[in-house]
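A structural walkthrough
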Amino acid sequence: MKEHTVTVTDNRTGEQIELPVKHPTHGPYAVDIGRLFRDAGYFTYDPGFLSTASCQSTLTYLDGDNGELLYRGYPIEQLAEKSSFTEVAYLMLYGELPEKEPLKKFNDVIIKHSMLNESLSSLFGGFYHDAHPMAIMVGVVGSLSAFYHDSTDISNASHREIAAHRMIAKMPTIAAASYKHSIGEPQVYPDNSLSYTGNLLRMMFSVPCEPYKVDPVAEKALDLIFILHIDHEQNASTSTVRLAGSSGANPFACIASGIAALWGPAHGGANEAVLSMLDEIGHVDNIPEFLARAKDKNDPFRLMGFGHRVYKNYDPRAKIIRQMCYDVLEKLDDKDDPTFELALKLEEIALNDEYFIQRNLYPNVDFYSGLIYKALGIPTNMFTVMFAIARTVGWVAQWTEMIAEENQRIGRPRQIYVGPEKRDYVEIDKRQ
Ligand code: ACO
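Presented here is a report on the structure given in the accompanying data block. Note that this is a predicted model, so its numbers are computed, not measured.

A word on helix α4 (residues 100–112). The end-to-end C-alpha separation of α4 is 18 Å, in line with the 18 Å expected for 13 residues at 1.5 Å each. Within α4 the residues assigned to the buried category are L103, F106, I110 and I111. On an axial view of α4, the arc spanned by its buried residues comes to 130 degrees, and they lie on one face. Away from the buried face of α4 by more than 90 degrees, exposed residues E101, K105 and K112 are located. Buried residues along α4 sit in contact with α3 (85–94), α7 (157–183) and α8 (196–205).

Now the structure itself:
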């Protein structure tokens, strides 16, 4: 990697420190402070890591100002239009788009790993009947290492690959079983003749006593949403997976930690929040009142599904998924459902409102994915689970990339201590 240096002057002592600056393929230069503490005795302070690159990665590039997202260099728009979820999964794991035969082999491997160990299937029965499916996901995925310990030697590349395949393959089966448990229906085994998303739909919505036909509109829509959610560089859940993995923890435990981090409303829970907000607004006639509340700085109400921390002009994923959302509502003949009518009216009014225009507040990917999930009959408490299934590919690829690095070390951030100064222990009867 190309480098230059910057020199920083400490205005208190006049001391000058020269630091290397790395030139990435795309994106801003990064000051390398790896030796700063050892050479100069300073830490750096960056709460929330807003200016800190925690790793080098070849997987995903995003440019928030220009609304650009690349997986392994390929624009998300091209992958969304031309590829499939499992093909993009292959790309993320192996670095290149596959030719026909390797893709067929990869699809076969994934489908063959989709069944769960039968003892693992019985684990679901131990959860409370109305447990949130994300709670079940965290527990069940965390337990995978107890069932598949033949693939937990992280120093063995073949173990790592099998673990990666197992996680991608079993996630839909675990997700569907979590849902079935929450509604008191029997688990449905995977069907190896179906696609990744077709299988998921069947495992979620079929019952053993009736035939089930996968709806191709739903299958395609899910495949597209999953491609868009595969990876988003070092977000909270991905950073959690990397940090857990840096200690040498087994891959199943690392992915379980990512699922736990994703569950937070500020991360994977936003599409669920969109539907709750639409329920709260209730009717198109109430939109002006809620828009006024969204603009009022003294009111905590915000339009969920609008705005993005990184994409300040537009979210490239939202552009792609918006069209799919309209297609799905059209094809499933759902446009007259009052929730969708309300959502589309809200979108139209907000996009033409000065407040939202001035602040570049556009509907984000969660606005539309929530609507599509609802149109497909996926219950609100499964929205974040859907996100977790897709993001598993990114987590696994990031984990694999990190473990394969030479000189990989345990992650260990520092802190600025602001507690009491050093003091002596006081016997209990002498404390005031
Ligand atoms: N509704 C109303 N006003 C908003 C909204 C919103 N959804 N989002 C931002 N604003 C306003 C802010 O009040 C601020 O106004 P000001 O300049 O007059 O003070 C301005 O727009 C800039 O907003 P910030 O809060 O500085 O933007 P930030 O980057 O901090 O927040 C965030 C981004 C958290 C996503 C925010 O837009 C938001 O809360 N959106 C709703 C929640 C949501 O949809 N989250 C999902 C994000 S997508 C994802 O995670 C995959």
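Having seen the structure, we can now continue with the description.
On to the environment of T173. Along the chain, T173 turns up in helix α7. For the pair formed by T173 and Q187, sequence separation is 14 residues and the distance between their alpha carbons is 8.9 Å. Residues within four places of T173 in sequence aside, it is in contact with S114, L116, P190 and M203. Engagement of the side chain of T173 in a polar contact is seen with the backbone oxygen of S114, the distance being 2.6 Å.

Our focus in this paragraph is the sheet that holds strand β2 (residues 16–22). Here we have 3 strands laid out as an open sheet, ordered β1-β2-β3, and antiparallel in their pairing. Of all the strands in the sheet, the pair left with one neighbour each is β1 (3–9) and β3 (30–31). With 7 bridges connecting them, β1 and β2 associate as antiparallel partners. In the sheet register, E3 faces β2, and the bridge partner there is K22.

All right, on to the sheet that holds strand β6 (residues 74–75) then. With antiparallel pairing, 3 strands are arranged side by side in an open sheet as β4-β5-β6. The strands lining the two open edges of the sheet, one partner per strand, are β4 (60–63) and β6. Summarising the sheet, β4 and strand β5 (residues 68–71) pair through 4 bridges and their orientation is antiparallel. The residue of β5 that forms the bridge with D63 is E68.

Our next topic: the side chain of R242. Here R242 shows up in helix α10 (residues 236–246). In terms of polar contacts, R242 uses its side chain to reach the side chain of E401, at 2.7 Å. Excluding anything up to four places from it in sequence, R242 contacts C55, Q56, S57, Q234, Q398, E401, M402 and E405.

So, on to the pattern of salt bridges. Two side chains carrying opposite charge are able to pair once their charged atoms lie near each other. Summed over all chains, the structure comprises 13 salt bridges. For E3, the salt bridge is made with K22, and the minimal N-O distance between the two is 2.9 Å. Residue E3 is located in strand β1, and its partner K22 is located in strand β2; the two are separated by 19 residues in the primary sequence. Taking relative accessible area as the criterion, E3 reaches 44% and is therefore assigned partly exposed. Residue D299 pairs with R293 through a salt bridge whose shortest N-O separation is 2.7 Å. On the accessibility criterion, D299 (18% relative accessible area) is buried. Connected through shared salt-bridge partners, E3, K22 and D32 make up one network.

With that settled, the discussion passes to the site of the ligand. Inspection of the region around the ligand gives 18 residues, with L303, G305, F306, R309 and K312 positioned closest. At a separation of 2.7 Å, a nitrogen atom of the ligand approaches a polar backbone atom of L303. Look at the ligand: alone it shows 930 Å² of surface, and the protein chains cover 71% of it. Within the shell around the ligand, the residues separate by chemical class into 7 nonpolar, 5 polar and 6 charged.

What follows covers the side chain of K180. Summarising the element assignment, K180 is placed in helix α7. In this structure the side chain of K180 is engaged in a polar contact, spanning 2.8 Å, whose partner is the backbone oxygen of S206. Apart from residues no more than four positions distant in its own chain, K180 is found in contact with E185, P186, Q187, V188, M203, M204, F205, S206 and V207.

Moving on, we get to the nonpolar core. Y71, F226, L303, L346 and M386 are the most contacted members of the largest nonpolar core, which has 113 residues in total. Among the elements that line this core, the one with the most residues is helix α18 (residues 383–404), at 14 residues.

Okay, the environment of D32 next. Position of D32 relative to the elements: it lies in the loop between β3 and α1 (36–40). You can call D32 partly exposed: its relative accessible area is 27%. For D32 and T52, which are 20 residues apart along the polypeptide, the C-alpha to C-alpha distance reads 9.9 Å. A polar contact of 2.9 Å, which involves the side chain of D32, links it to the backbone nitrogen of G34.

Moving on to the pairing of β4. The alternating pattern of β4 places T60 and L62 and Y61 and D63 on opposite faces, both of which are buried. Two successive antiparallel strands, β4 and β5, enclose a turn made up of 4 residues, where G67 displays a positive phi of approximately 60 degrees.

We now examine the packing of aromatic side chains. With the rule as written, the count across this model stands at 14 aromatic pairs. On the basis of an interplanar angle of 65 degrees and a centroid distance of 5.5 Å, the ring pair of F85 and F226 is categorised as edge-to-face. On the criterion of sequence distance, the pair formed by F85 in helix α3 and F226 in helix α9 (residues 216–228) is long-range, its members being 141 residues apart. Take F85 and F226: they sit in the same class, and that class is buried. Taking the centre distance of 5.2 Å and the plane angle of 45 degrees together, the rings of Y373 and F383 count as tilted.

Thresholds, definitions, all that
The numbering scheme is per chain: residues are counted from 1 as the chain's sequence reads. Where totals are concerned, whole chains, interfaces and linings use all residues; where local detail is concerned, this predicted model gives features only for residues with pLDDT of at least 70, and gives and counts side-chain atom pairs only at 80 or more. With hydrogens and water set aside, each side-chain value is computed from the structure's full complement of heavy atoms. Under the scheme used here, helices are H or I runs from DSSP no shorter than 4 residues and strands are E runs no shorter than 2 residues, and both carry numbers assigned from the N terminus. Here, expected helix span is obtained from the residue count minus one, scaled by 1.5 Å. Any residue under 20% of the maximum accessible area for its type is buried, any over 50% is exposed, and the rest in between are partly exposed; the area is computed with a 1.4 Å probe on protein chains only. In this context, the arc is that of the directions from the helix axis out to the C-beta atoms. Here, residues are in contact when the closest pair of their heavy atoms is within 4.5 Å. The definition of a polar contact used here is a pair of N or O atoms within 3.5 Å, where within protein one atom must be able to donate a hydrogen and the other to accept one, and adjacent residues in sequence count solely through side-chain atom pairs. Strands are labelled as partners when DSSP assigns at least two bridges between them. Any carboxyl oxygen of Asp or Glu that lies within 4 Å of a side-chain nitrogen of Lys or Arg is treated as forming a salt bridge with it. Here a residue is near a molecule or strand as soon as one of its heavy atoms is found within 4 Å of it. What sets the accessible areas is the Shrake-Rupley method with a 1.4 Å probe; for residues, cover comes only from the shown protein chains. The classification used treats Ala, Val, Leu, Ile, Met, Phe, Trp, Tyr, Cys and Pro as nonpolar, Asp, Glu, Lys and Arg as charged, and all other residues, Gly among them, as polar. We call a set of buried Ala, Val, Leu, Ile, Met, Phe, Trp, Tyr and Cys residues a nonpolar core when their side-chain atoms join them within 4.5 Å. By convention, a stacked pair of Phe, Tyr or Trp rings (six-membered ring in the case of Trp) has centres within 6.5 Å and planes under 30 degrees apart, an edge-to-face pair has planes over 60 apart, and any other such pair is tilted.

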